[in-house]
Every structure is written in C-alpha cells, then in structure tokens.
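What follows is the residue order along each chain.
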Amino acid sequence: MENKKELSLYIHIPFCKQKCFYCDFPSYASIDYLREDYVKALCKEIEEKAIDYKIKSIFIGGGTPSYLETKEIAKLLKTISKLDLEEGMEFTMECNPGALAEEKLKTMIEGGVNRISMGLQAVQNSLLKDIGRIHTFKEFTENFNLARKVGFKNINVDLMFGLPNQSFDEWKESLETIADLNPEHISAYSLIVEEGTAFYKLWERNKLILPTEEDERRMYSETKEILKAKGYHQYEISNYSKEGYECYHNKVYWESKNYLGVGSASTSFIDGKRIKNIENVKAYIDGIMEGKSIVLEENENSKEDNIEEFVFMGLRMIEGISKEEFKRRFKSDIYEIYSKEIEKNIENGLLLEVGDRLKLTEKGIEFSNLVMSDFIL
Ligand code: SF4
C-alpha cells in the first residue's frame, strides 16, 4: 500500500488593493496585471509539488487571497481538489473586507474552504483609516454576516493593539464588539513597527504616537480577561478560540511539523530542511512557466536550529512543549541541553513544569522574549 508523507500546505497570494501602513508581508498593490498569470503558475507549482503528499490542512494567505477574481479563485480551488486531501481537514482562506462579495464566498465554500480568516484590526473607522485599511467597520460586519449566510461556520477575526493613537478603551471596545459577533477564533496581535513600512518612516521622524509600554502591557493582559469572559480560551500568546476551534494549521508551525509552501515568498519546512521561494512575483511566474528553479534559499537545519525552533515555537503555545516529544525528536533529554536555563526560569517564576510539559507562566508570557533569549544555543 502506498504510504504518502503527510504535511500541511500554505499557498501565498501576493496581491493587495492597497498596502497597509504597518505591513511588511511580501504583498504588493498595483501589480494586478500579473494576477491571472500568477494563478496559472501557482496551480502548476501545486500540481508539481503537492501531489506527492497527503494534505492535512491548507491555508491560503497573503496578501489578500479574496482580492483574486472569482474565476481565479475557482481555478485555484479546482487544482487543489485534485490533491490527496485528508477528509474533513481544516481549509482556511484569508479574506479582507473591501475585497469580498457573496459570489466569491460561495465559490470558496463550494471549492472546499471551510474556515475564513478576516483581517479587521479595529472597530473604529478613524483608526482603520490611520493604519491604511481600505474598509470601514460597517463593511466588515456586512462581510462577516454574508459569510455566515453563505454557510461559514468557522471564522477568525484578526485584531491589533498598540496602534498609533489607540486608547485603552478603544481596544476594549474592539474586543468586546467582535466577541459579541461570536466568531469561533480571534487573533490579537500587538503592532510591531517593522522596517520598510510606511509606519517605520514616520517612526524614524518621531511622527508616530504609540501607546506607552505600560499601556500596551495593560491592553495585552486585559485581552485575556475580556475574551475569557466571552467564552474564548487562549491557546497561544496571541490566539484565542472557542472550544474545539483552535487553528490546526497554525499549530503545525508552532509544533515544528512539516509544511509545504507554494507561491512567491513562501517557505517550506520538510524534514528539517527550510526552502524559501523567490519574492519577486514576475520572476516567480517566469521561473515556473519556463520550468526553472524558483528557490531562493535552501537550508538544512542543524540539530541546534531544530532544537531552538522547537522550543521557541512550542513555548508560544499555552500548553507549552512536551519533554517526551523533545526526547523522541532529538534523542536527548531536554535537561541535558537546557538544565540551567530551565531551572533559572522556573526560579524566576517565568516557566512552569506540569507533568510532561514545560510552559510559560502568565508572567513568562509577558516577558517571553527574555525567556526565549535564554534558550538560544
Ligand atoms: S491587507 Fe494584509 S497583507 Fe495586505 S497590506 Fe494589509 S496587512 Fe498587508
């Protein structure tokens, strides 16, 4: 009997209607003329690479996948349907209000998508405008309700705190308003001003007024409380879900499991090897169509790299890492490698040992960067 290797599939869509001011993802506005050819190339790459595997979950991310034309989405989903897909697997597509319509949602659900992830960030139109989003809050709710009407029973909403000029009360209002809409999953990330973004330029010129560190910490700790009261449990530093709705695909990353990335700028991680595709969208299309390599880098992780990644990613999850799993993967006891670091962080109240698992305490989550830096080999 054929025994296929199992993995998850990430598909990158590098198009956006407009670039948000904080965004450093490999996505571009004003290259729409490449869209049709990109989808062709993407389907070719999927047919060539993903066919060898049993697919455990799919995430179409970007960029703005819902910015594709309906017929392009249909083409992509048709190609995906030919793969060896695990029955009932989680299949997510990222959608942005302002780039979504009923017809598209129907095509998605008919094509097997069973989870959508909606980028919102805040419920106040003034804040949305200030961070370069193309939609209002009203457009978001219309799209959200439309997705429910079409039949989506698993929806994530992305929110962001620590935004310029955002008050604590505004953050609270965003959380409560969204929780009342009852999505199955909420991601709540803090803004990081990344180099190369519009915000970075403002920040360099001292023109970006950000909440203080103390305010931001308060926003983070209140997030847990507010969402808990609304029935969401935190399962990762920035992710919350209703019972049974943790994102399988994200856990693949945090648990350092195998995944295949296709599309420009995507990354694959298969058996300790990390492969990155080229970022330039035109070069990606040409490469695929001419049968040339579109790989930018290929690195075999060292044992140390794998250990570090396992610990860093694993500690992001509230349930932490399994000592048994560590031993199974790396053929050594975690204490042989990290005894000093573990003891020190337990003593400082940042790390906790519960049965087989090592996890961050509440204080540890707050100072996670500090804990992680101890685990660099
Ligand atoms: S929609 Fe998403 S990917 Fe596109 S620019 Fe905004 S944050 Fe970046």
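Model, not experiment: these values are computed from the prediction.

Counting residues in hydrophobic clusters, the biggest one holds 102 residues, and the most contacted among them are Ile11, Ile60, Leu76, Ile80, Met108 and Ile116. Residue contributions to this core reach at least three from each of two domains, namely domain 1 (5-254) and domain 2 (303-374). The residues contacting Ile60, other than those within four sequence positions of it, are Ile11, Ile13, Pro65, Leu76, Leu77, Ile80, Phe91, Thr92, Met93 and Glu94.

Moving on, we get to the site of the ligand. In the region of the ligand, 13 residues are neighbours, and Cys16, Cys20, Cys23, Gly63 and Asn96 sit closest. The residue makeup of the shell around the ligand, split by class, is five nonpolar, six polar and two charged.

In this section: the environment of Asn345. Locating Asn345 in the fold gives a position in helix H13 (residues 334-347). Residue classification places Asn345 among the buried residues on the basis of a relative accessible area of 1%. When the C-alpha positions of Asn345 and Val371 are compared, they lie 7.0 Å apart, and in sequence the two are 26 residues distant. The contact partners of Asn345, leaving out residues within four places of it in the chain, are Leu350, Leu351, Val371, Asp374 and Phe375.

Put simply, an interface is often sized by how much accessible area is lost when its parts join up. By the assigned domains, the chain splits into domain 1 (5-254) and domain 2 (303-374). The centre of domain 1, based on its C-alpha atoms, is set 29 Å off from the matching centre of domain 2. At the interface, twelve residues of domain 1 touch ten residues of domain 2. Here domain 1 and domain 2 share an interface that buries about 1100 Å² over both sides, 60% of which is from carbon and sulfur atoms. On the domain 1 side of the interface with domain 2, the three residues burying the most area are Arg217, Ile237 and Trp254, jointly 49% of the side's total. Taken together, the connections running from domain 1 to domain 2 amount to three salt bridges. Note that Arg217 is salt-bridged to Glu366, the shortest N-O span being 3.8 Å. Where domain 1 meets domain 2, there are four residue pairs in polar contact (both at pLDDT 80 or more).

Turning next to the packing of helix H11 (residues 303-316) against helix H12 (residues 323-330). Running from N to C, H11 and H12 point in directions that differ by 160°, and their axes come no closer than 11 Å. By the angle between their axes, H11 is roughly antiparallel relative to H12. Relative to H12, the crossing made by H11 is right-handed. Here Lys303, Asn306, Ile307, Phe310 and Val311 of H11 come into contact with H12, specifically with Glu325, Phe326, Arg329 and Phe330. Looking at the contact of H11 with H12 residue by residue, the class counts come to five nonpolar, one polar and three charged.

This next bit is on helix H10 (residues 281-289). Of all the positions in H10, only Val281, Tyr284, Ile285, Gly287 and Ile288 are classed as buried. In an axial view of H10, the angular spread of the buried residues amounts to 165°, which keeps them on one side of the axis. Against helix H1 (35-49) and strand E11 (273-277) lie the buried residues of H10. Residue Asn280 occupies the N-cap position of H10, its side-chain oxygen lying 3.0 Å from the main-chain nitrogen of Lys282. Just downstream of H10 lies Gly291, where phi reads positive at about 75°.

Glancing now at the side chain of Thr107. If you trace the backbone, Thr107 turns up in helix H3 (residues 102-110). A distance of 2.9 Å separates a polar side-chain atom of Thr107 from the backbone oxygen of Glu103. Those residues within four positions of Thr107 in sequence are excluded, and the remaining contacts are Thr70, Ile73, Ala74 and Leu77.

Rules used in this analysis
- Each chain carries its own residue numbering, running from 1 in the direction its sequence is written.
- Per-residue local features of the predicted model are confined to residues with pLDDT of at least 70, and side-chain atom pairs are confined, for both listing and counting, to 80 or more; whole-chain, interface and lining totals are unaffected and use all residues.
- To obtain the side-chain values, all non-hydrogen atoms of the structure were used and water was disregarded.
- Side-chain atoms within 4.5 Å are what join buried Ala, Val, Leu, Ile, Met, Phe, Trp, Tyr and Cys residues into a set we call a nonpolar core.
- Think of it in three bands: residues with accessible area under 20% of the maximum for their type are buried, residues over 50% are exposed, and the middle band is partly exposed, with areas taken using a 1.4 Å probe on protein chains only.
- The start and end points of each domain follow an automatic or database-based domain assignment.
- Contacts were defined at the residue level, with two residues in contact if any of their heavy atoms lie within 4.5 Å.
- Nearness is judged by heavy atoms alone; a residue qualifies as near a molecule or strand once a single heavy atom is within 4 Å of it.
- Residue polarity is assigned by list, with Asp, Glu, Lys and Arg as charged and Ala, Val, Leu, Ile, Met, Phe, Trp, Tyr, Cys and Pro as nonpolar; anything else, Gly included, falls into the polar class.
- Here a helix means four or more residues in a row that DSSP labels H or I, a strand means two or more in a row labelled E, and each is numbered from the N terminus.
- Summed over both partners, the accessible area (1.4 Å probe) lost when two parts come together is defined as the buried area.
- Basic side-chain nitrogens of Lys or Arg form a salt bridge, by our definition, when they fall within 4 Å of a carboxyl oxygen of Asp or Glu.
- The definition of a polar contact used here is a pair of N or O atoms within 3.5 Å, where within protein one atom must be able to donate a hydrogen and the other to accept one, and adjacent residues in sequence count solely through side-chain atom pairs.
- Angles shown run from 0 to 180 degrees and are taken between the N-to-C directions of axes, each axis being a line fitted to C-alpha atoms and, for helices, limited to the stretch in contact.
- Angles are sorted into four bins: roughly parallel if under 35 degrees, roughly antiparallel if over 145, roughly perpendicular if 65 to 115, and oblique for all others.
- Put simply, a crossing is left-handed when the front helix is turned counterclockwise from the back one by less than a right angle, and right-handed when it is turned clockwise.
- The arc in question is the one spanned by the directions pointing from the helix axis to the C-beta atoms.

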